[in-house]
Amino acid sequence: MQWTIEHMQDDKGYFYYQLKKGISSKISYMRWSNAFMFNAMSNYLKEVS
């Protein structure tokens, strides 16, 4: 979770869709990145609490 926040989250708060060498998509996509990350983060927090 920490790696994802440090490397895949923009300073504005949204998550990147892809981050690869040579091919990166740092556009804020609600369906392809943010919705899945918010779901994953909420499930993670539910499990660790």
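Residues numbered from 1 in each chain as written. Predicted model: local features only at pLDDT ≥ 70, side-chain atom pairs only at ≥ 80, totals over all residues. Heavy atoms only, no water.

A. Local environment of the confidence of the model for the chain. Residues with a pLDDT of 70 or more make up 100% of the chain, whose mean pLDDT is 87. The secondary-structure element of the chain with the lowest mean pLDDT is strand β2 (residues 24–25), recorded at 76, while helix α2 (residues 30–48) shows the highest, at 91. (pLDDT = per-residue confidence, 0-100. Helix = DSSP H or I, 4+ residues; strand = E, 2+ residues; numbered from the N terminus.)

B. Structural view of the side chain of Thr 4. With respect to the secondary-structure elements, Thr 4 resides in helix α1 (residues 2–8). Residue classification places Thr 4 among the buried residues on the basis of a relative accessible area of 19%. In this view, Thr 4 contacts Gln 9, Phe 15 and Met 37; residues no more than four positions away in its chain are not counted. (Buried < 20%, exposed > 50% of the residue type's maximum accessible area, 1.4 Å probe, protein only. Contact = heavy atoms within 4.5 Å.)

C. Main features of α2. Taking 1.5 Å of rise per residue, 19 residues should cover 27 Å, and α2 covers 25 Å from first to last C-alpha, within 8% of that figure. Turning to α2, its buried residues are Ser 33, Asn 34 and Met 37. The buried residues of α2 occupy an angular sector of 80° when the element is viewed end-on, so they sit on one face. Turned more than 90 degrees from where α2 packs its buried face, Met 30, Arg 31, Phe 36, Lys 46 and Glu 47 sit exposed. Packed against the buried residues of α2 are α1. (Expected span 1.5 Å × (residues − 1). Arc of directions from axis to C-beta.)

D. Seen up close, a nonpolar patch on the surface. On the surface, Met 1, Ile 5, Tyr 44, Leu 45 and Val 48 cluster together into a nonpolar patch covering about 440 Å² of accessible area. Here the nonpolar patch takes 3 residues from α2, the largest share from any one element. Following the sequence through the fold, Tyr 44 ends up in helix α2. (Patch = residues over 30% accessible without salt bridge, like charges linked within 9 Å, V, L, I, M, F, W, Y side chains within 5 Å. Areas by Shrake-Rupley, 256 points an atom, 1.4 Å probe, with all protein chains shown as cover. Salt bridge = Lys/Arg side-chain N within 4 Å of Asp/Glu carboxyl O.)

E. Summary view of the nonpolar core. Grouped together as the largest cluster of nonpolar side chains are 5 residues: Met 8, Tyr 14, Phe 15, Tyr 16 and Met 37. If we skip the residues at most four places from it in the chain, Tyr 16 touches His 7, Met 8, Gln 9, Asp 10, Ser 25, Lys 26 and Ser 33. (Core = buried A, V, L, I, M, F, W, Y, C linked by side-chain atoms within 4.5 Å.)

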